[in-house]
Every structure is written in structure tokens, then in C-alpha cells.
Amino acid sequence: MSGNNSRSQSRRDRFVSRRQLLAASGAAIGASAFAGWGTARSQENTPTNETVTPGAAVEPEEEGGPPDVDKDLEIYTPRPALIGETPGREPYSDFITPVEEFFVRNHFPVPDIDASQWTVSLTGLSGQEDVELSMDEIKHSYPTETKVVTMQCSGNSAGLLPEVEFTGLGFGLLSTTTFTGTPVSAILEEYDADTSQGMWLSAIGADSPEGGPYYTRSVPMEKITQDCLLAYEMAGRPLPPDHGYPLRLVVPGWYGVNSIKWLERMHVMDMMVYGDEWEQYTQWQQDSYRFLRQGEEEPQDQREIDVYDIYDQLASDEIPNPYSFEMDVKSIIGYPTGGEVRPSPGGTIEVIGVAWAGDNEVARVDVSTDGGETWGEAEFFGPVEQPEAWRLFRYVWQDPQPGEHLVVSRATDDEDRNQPAIVSQPDERLDRITDEKFPWNQAGYWNNAYEPHGVEVTIPSD
Ligand SMILES: Nc1nc2c(c(=O)[nH]1)N[C@H]1C(S)=C(S)[C@@H](COP(=O)(O)O)O[C@H]1N2
Ligand SMILES: [Mo]
């Protein structure tokens, strides 16, 4: 679709056609909820979301607009649907990743949004009208929280697996920042949404093409009410366009895919997006971001599941093809960055890195300077522990000898689960995470093996 075409399509057309689409599929989902949503959007005097010209240059606005951030990333897929990694290894020896270097994973061009006109719909409220939340209400009518959050894409480190969809991808789809926003629970409470066990919140982004499929993720209410935010700031400034301006969902400790950017709608439901009635919404929940063994053609769709980290899903007999929810334990070395390094005058080298474990805590990190033969325990340092962020660790390498060394880190979570040492081969059809191996899957998702099998360090002899 050319930019001109989409620009000339009026907002009204856009929402009328979306309403028609929804009405056509509405029978089984409660047509009233959908009709209400569509109708509100097509009324002339209602603030209307405006999404124009995918890929258009985003002009920084005078006040309250998105900041003009000069992204500095290692490009994996260029714009308009940008995938860019945090550059190099150094950012993994600091607690906060600079916004310029915070990774970007976009499936579509960045939508150009006017925050002053933007509303987020809240639908699926039983026996109640749908709600249109303005940015002003979201920012000023509820408590405000700031959380340090480590975000990682499901495809991070996929390039370490042979023959995967995301071949060549490094370990840089991983960054940490502060997000500021409104706890989702405060809004759901205000509107009496059913947040009981077994309920889900489906979040929809505004970046998908007209007519769908819509970029949508369903997150269980038990997670939503625990610690999720509707974030409008990142690192103390409005969200940059690439990161979801003006508003995104932030699901701490879970894979980035769940943290819907350019949030347009939240729908309360008693299952995930599933089945024919949600056909235009299921692609990123039921089709992609699933665990597929060698030779498996498609994943088995499920209405709901009740364990969320990849480790537990793989161990469960009830989840044949795990979903991209909670992250497992993993670590990365930030220093030495590789290549030549000289010991300090005292004759030591400080190995520094980061470790995280989804909703679990990191219990310990061990470091090996001989490729995994022998290990020594690292110590944590840096800011007081933040439940949703990685932890910095340091290990003092005593008396490093000249020559080449393979430095490896291995984190363990508070359930005593370790990072696996290597990845399995496709034809092993391994379907659990063990201490030895991470199971190969077609896309290469969720690889938490030693990363990336260590850093090669050379110590000169003079
Ligand atoms: N609307 C929307 N939300 C989205 C995405 C997207 O393409 N569209 N990508 C998701 C994925 S896969 C990841 S890993 C994170 C990346 O967030 P970031 O680009 O701010 O790092 O956003 C998630 N939210
Ligand atoms: Mo992702």
C-alpha cells in the first residue's frame, strides 16, 4: 500500500471498515461490545485515533510530542519494519541501556500518532458500555509508577541455533530502561473489569494494516494485575515513536512480544484470542511466537494455559507448542568485550555482566574462564535489586595467563534452574530445557544457553 493511498483514506473510512469487519465476525463474541467500539470511533465529534502513512517521517512536536531520538543500533532488518539490536557487548556491563541503544523490534512501519487526540478503548466489560480512555485520563487520574524493566525479544540469540528462521540474529535484542506509567490494575478496577483467575486481557496495537491481521497479544489477568503498566514514558521522557508513542503496555519479566506498542484497545475476555471469531487477531498469539519442533507444520491452538514460563510450558504435557510468555534464566557478559585485554596493575581482570530470570529471581551466577571446565561464583553489584530488571554481576579473574581463553557465564534462578550449556540439534527433537541443552525450535525462540558460548579473550604476553 502506498503512503498516498493510506493518507487519503479518511479516519472515518478506516474505522467504518474496521467496524464492518468486526460486525461480520461479531456473532460469537458479543456483537454489542464490538459495535459500541466501532460506533464510538465513527462519530464525528468523538476524539478519534489517527494513524496515517506508515513509514512517514515523524516530526517531533513542540510540547508533549515524541522525543527525537537518534537510534544507534545494529540493523538486522532495515526500516520500515525495523529490527535493530543493541550494539556490541559493552551495554551489558551497565544497568541502564541508553535510549539510543535500546533495541527495536517492529513488525510494521511506525504509526504517526497525535497524542492529544489519542484514545485507548477498553472493551469486554460485562453489562457496561465500552470506555474510551484519553491520554489525559490515563496520565492524571490514577497512580503513577516507575519500574526498571529488562526487555528481551523471543528471537534474541536465535542466531546461535542452526537452520532457524532468525538466522544470524545476535544477542542484542535485550535492553533495560525505566518505564513510567499507570498500573493496568488501577484502570481495570475503576471500570469494574473482571480480573479474576482465568480471565485475560487482549491488547491491540495501532500499527497493523487496515483490515488486519491486528497485532494482538493476550496476557492472563493474574500477570496483568500483578505488575503490568500502561507506560507513556521511557527513561523519564515521552516514549520515542519506535517504542510505542504515546502509550504501550509493559509486561515486565515476559518476552517483549507481550508489551504491545502504540496501544489502541484492551479487551477483557475469558480466554486468549482464539478461534474463528478472533481470526483477524490470532496471528501473533496462536501462529507465530510458538514452539515448533522439526517437521511440525503448525502449532496447536489453545484457549488458555495456566503455566507461563518456557521451562514449565515445555515440561507440561498439556502444552504441545509453548507460547511466548515468561522469560527463563539467562546471563550475558558485558566485559571483557572480546579480543585483547590486559590485566590490571594488580594482575586481575574483572568480568562483568547481567543476569535475569523473568518473574523469578536470579539466585547466583557462576563464571568460567576456561570454557566451562571450572567455575567460580560471581557477586552481584549495582543498584538495589529491582524485581523486573537484570542484575549486574562481577567476577574477579585472578592471575589470568597469557593466551586465549573462553569466558562463560551461567546463571541459576531461585528454583535452582540453570542456563543450559548448548543448543540441541534439530533432529534430536528435544522438548525440554535441561542443564545440558536448550531445545531447537523452528524460529529459534527463547534460547537461554550460555551466551554465546562465551567470549574469546586474548591476554598478551608482554
Ligand atoms: N504494536 C506492536 N507492539 C509490539 C511489536 C510490534 O511490532 N507492534 N513488537 C513486539 C516485540 S516482538 C517486541 S520484542 C517488543 C520490542 O519493544 P521495543 O521495540 O521497544 O524494544 O515490542 C513488542 N510490541
Ligand atoms: Mo519480540
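A brief look at the structure comes next. (Residues numbered from 1 in each chain as written. Chains lettered and ligands numbered in written order. Predicted model: local features only at pLDDT ≥ 70, side-chain atom pairs only at ≥ 80, totals over all residues. Heavy atoms only, no water.)

## Quick word on the overall build of the protein
No. 1: Along the backbone of the protein there are eight helices and 24 strands.
No. 2: Taking all 462 residues of the protein together, the buried fraction comes to 56%.
No. 3: For the protein, the computed accessible surface area is about 18700 Å², with 43% contributed by carbon and sulfur atoms. (Helix = DSSP H or I, 4+ residues; strand = E, 2+ residues; numbered from the N terminus. Buried < 20%, exposed > 50% of the residue type's maximum accessible area, 1.4 Å probe, protein only. Areas by Shrake-Rupley, 256 points an atom, 1.4 Å probe, with all protein chains shown as cover.)

## Regarding the pairing of strand 1 (residues 74-77)
No. 1: Where strand 1 lies against strand 2 (residues 83-85), three bridges are found, and the strand directions are antiparallel. What sits directly across from T77, in strand 2, is I83.
No. 2: Connecting strand 1 to the antiparallel partner strand 2 that follows it, the hairpin turn spans five residues. (Pairing = 2+ DSSP bridges.)

## Regarding the site of ligand 1
No. 1: Taken together, 20 residues lie near ligand 1, and F103, H107, D207, H243 and K261 sit nearest.
No. 2: Interatomic distance of 2.6 Å between a side-chain N/O atom of H243 and an oxygen atom of ligand 1.
No. 3: The side chain of R248 places a nitrogen or oxygen atom 2.7 Å from an oxygen atom of ligand 1.
No. 4: Coverage of ligand 1 by the protein chains reaches 100% of its 540 Å² of free accessible surface. (Near = heavy atom within 4 Å. Polar contact = N/O pair within 3.5 Å; in protein donor to acceptor, adjacent residues only side chain to side chain.)

## A word on the sheet that holds strand 24 (residues 455-459)
No. 1: Overall, mixed pairing links the five strands, which are arranged 15-24-21-17-18 in an open sheet. Strands with a single pairing partner mark the edges of an open sheet, and in this sheet they are strand 15 (339-340) and strand 18 (376-377).
No. 2: Relative to strand 21 (residues 403-413), strand 17 (residues 362-368) runs antiparallel, the two being bridged by six bridges. Paired with R364 across the strands is T412, a residue of strand 21.

## Some remarks on the packing of aromatic side chains
No. 1: Enumeration over the complete set of coordinates arrives at 20 aromatic pairs.
No. 2: Their ring planes at 80° and their centres at 5.7 Å tell us that Y92 and W390 sit as a pair that is edge-to-face. A residue pair is termed long-range when its members are at least 10 positions apart, and Y92 in the loop between strand 2 and strand 3 (104-105) and W390 in the loop between strand 19 (379-381) and strand 20 (391-398) qualify at 298 residues.
No. 3: Of the residues examined, W390 reaches a relative accessible area of 1% and is grouped as buried. (Phe/Tyr/Trp six-rings, centres within 6.5 Å; stacked < 30°, edge-to-face > 60°.)

## Structural notes on a negative patch on the surface
No. 1: Where like charges cluster on the molecular surface, the negative patch consists of D194, E222, D270, E304, D306, D317 and E318.
No. 2: When you line up the elements, D306 lands in the loop between helix 7 (283-287) and helix 8 (310-315). (Patch = residues over 30% accessible without salt bridge, like charges linked within 9 Å, V, L, I, M, F, W, Y side chains within 5 Å. Salt bridge = Lys/Arg side-chain N within 4 Å of Asp/Glu carboxyl O. Lys, Arg positive; Asp, Glu negative; His and termini not counted. Charge placed at Lys NZ, Arg CZ, Asp CG, Glu CD.)

## Observations concerning the sheet that holds strand 5 (residues 131-134)
No. 1: What the five strands build is an open sheet, ordered 5-4-13-8-9; its pairing is mixed. Only two strands of the sheet have a single partner each, and these edge strands are strand 5 and strand 9 (216-220). Here the average twist between neighbouring strands, direction ignored, is 20°.
No. 2: Pairing between strand 8 (residues 200-205) and strand 13 (residues 263-269): six bridges, direction antiparallel. (Axes fitted to C-alpha atoms, helices over the stretch in contact; angles between N-to-C directions.)

## Some thoughts on the side chain of T97
No. 1: Its location among the elements puts T97 in the loop between strand 2 and strand 3.
No. 2: Using a relative accessible area of 1% as the deciding quantity, one classes T97 as buried.
No. 3: Apart from the residues within four sequence positions on either side, T97 is in contact with T86, F102, S175, T176 and W390. (Contact = heavy atoms within 4.5 Å.)

## Some details on the pairing of strand 20
No. 1: In this sheet, strand 20 lies alongside strand 16 (residues 348-356) in antiparallel orientation, the contact comprising eight bridges. Residue pairing in the sheet places E350 in a bridge with V396 of strand 20.
No. 2: Relative to strand 20, strand 19 runs antiparallel, the two being bridged by three bridges. Following the sheet pairing, E379 is matched in strand 20 by R394.

## Structural notes on the pattern of salt bridges
No. 1: Enumeration according to the criterion identifies 18 salt bridges in this entry.
No. 2: Between R410 and D366 there is a salt bridge, with its nearest N and O atoms 3.9 Å apart. With R410 in strand 21 and D366 in strand 17, this residue pair connects regions lying 44 residues apart in the sequence.
No. 3: The exposure class assigned to D366 is buried, which follows from its relative accessible area of 4%.
No. 4: Notably, a salt bridge pairs E379 with R394, separated by 2.4 Å at the nearest N-O pair. A residue pair is termed long-range when its members are at least 10 positions apart, and E379 in strand 19 and R394 in strand 20 qualify at 15 residues.
No. 5: Accessibility expressed as a relative area gives 41% for E379, which makes it partly exposed.
No. 6: Judged by its relative accessible area of 24%, R394 is partly exposed.
No. 7: What you see here is one network of salt bridges that share partners, running through D309, D312, D413, E415 and R417.

## Here's the deal with the side chain of T412
No. 1: Summarising the element assignment, T412 is placed in strand 21.
No. 2: Separated by 2.6 Å, the side chains of T412 and N418 make a polar contact.
No. 3: Setting aside residues no more than four positions away along its own chain, T412 makes contact with V329, E361, V362, A363, R364, R417 and N418.

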